[in-house]
Amino acid sequence: MRRAVLLPAAGASSRMRGRDKLLEDVGGLPCLCHMARAALASADHVIVTLPQADHPRAKALAGLSVEIVLVPDHTTGMSASLRAGAEAAQAQNADALMVLPADMPDLAACLPALWQAYSRLRTGQILRATTSQGQAGHPVIFPSNLLSGFQTLTGDTGAAPILQRCAALVQRHPLPHSIARHDLNTPEDWRAWRQTACAEE
């Protein structure tokens, strides 16, 4: 099975009040670099969408064997990254594509287990991570036969239309605590996350 991971990183980070959430420090690395390294360790091909070639996020990926896909229409919402990423995965003949939010650093350690769980599914099924309480979250792994449907996505609702349309194919996989839904969008989110991490050390 040829595994691909998409890290959508073309958003504006608008809730960070001038900072870039994907360049926040995670273990001494920019968050985007941290996530890309984890993705590379778990998959055959990693795709990262960016708004422009000279965006500061590109420097965080320097030296990593990822495919950077530019998304000129990134202001139209998450769907632009998903369309571009799915097309890139198809060009690589990927058998499955994991859509991995780049602002959820706790997910990095879970990728191998998620791929193992996906490998046990029947052909054509979708794997969706959940919280330990069963709330749907991220990441989601899609089989290749569904990737063409990404071109119909619009706006900022992500892949929700595909997940709704293919609800019978979705298999859930619980992750610890609430990390499947713990995205870090604001300075307050990052501050609380770091305080929790320090308390656990």
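Trainee: Which parts of the structure should I look at to understand helix α3 (residues 78-91)?
Mentor: The α-helix winds at 3.6 residues per turn, so residues separated by three or four positions along the chain end up facing the same way. Compared with the 20 Å implied by 1.5 Å per residue over 14 residues, the 20 Å span of α3 between its first and last C-alpha is a close match. Across the 14 residues that make up α3, a large majority, 10, are buried. Restricting attention to buried positions, one finds in α3 the residues Ser 79, Ala 80, Ser 81, Leu 82, Arg 83, Ala 84, Gly 85, Ala 86, Ala 88 and Ala 89. Where α3 is buried, its residues touch β1 (3-8), β4 (45-50), β5 (67-70) and β6 (96-99).

Trainee: Explanation requested: the pattern of salt bridges in the structure shown.
Mentor: Opposite charge on two side chains lets them pair, provided their charged atoms get close. Per the counting criterion, the structure on display carries six salt bridges. The closest approach of N and O atoms between Arg 57 and Asp 20, which form a salt bridge, is 2.9 Å. One end of the pair, Arg 57, is in helix α2 (residues 56-60); the other, Asp 20, is in the loop between β1 and β2 (25-26), and 37 residues separate them in sequence. Asp 20 carries the same exposure label as Arg 57, and that label is buried. Among the salt bridges present, the one from Arg 194 reaches Glu 24, with a minimum N-O distance of 3.0 Å. Residue Arg 194 is located in helix α6 (residues 187-200), and its partner Glu 24 is located in the loop between β1 and β2; the two are separated by 170 residues in the primary sequence. Residue Glu 24 is classed as buried on the basis of its relative accessible area of 10%. Because the salt bridges share partners, they merge into one network encompassing Arg 19, Glu 24 and Arg 194.

Trainee: Got a minute to help me understand the packing of aromatic side chains in this structure?
Mentor: Any two aromatic rings considered together are summarised by their centre-to-centre distance and by the angle between their planes. In this structure the tally under the stated criterion is three aromatic pairs. Plain terms: the ring middles of Trp 115 and Tyr 118 are 6.2 Å apart, the flat faces sit at 90° to each other, and that makes the pair edge-to-face. With Trp 115 and Tyr 118 both in helix α4 (residues 111-119) and three residues apart, the pair spans about one turn of that helix. The same class applies to Trp 115 and to Tyr 118, which are both buried. Here Phe 142 and Phe 150 contribute two aromatic rings whose centre-to-centre distance is 5.1 Å and whose plane-to-plane angle is 90°, an arrangement assigned as edge-to-face. For the pair shown, Phe 142 and Phe 150 are each scored as buried.

Trainee: Explanation requested: the side chain of His 45 in the structure shown.
Mentor: Along the chain, His 45 falls in strand β4. According to the relative accessible area criterion, His 45 is buried, its value standing at 13%. When residues no more than four places from it in sequence are discounted, the contact partners of His 45 are Arg 2, Arg 3, Ala 4, Val 5, Glu 67 and Gln 92.

The rules behind each value
Residues numbered from 1 in each chain as written. Predicted model: local features only at pLDDT ≥ 70, side-chain atom pairs only at ≥ 80, totals over all residues. Heavy atoms only, no water. Helix = DSSP H or I, 4+ residues; strand = E, 2+ residues; numbered from the N terminus. Expected span 1.5 Å × (residues − 1). Buried < 20%, exposed > 50% of the residue type's maximum accessible area, 1.4 Å probe, protein only. Contact = heavy atoms within 4.5 Å. Salt bridge = Lys/Arg side-chain N within 4 Å of Asp/Glu carboxyl O. Phe/Tyr/Trp six-rings, centres within 6.5 Å; stacked < 30°, edge-to-face > 60°.

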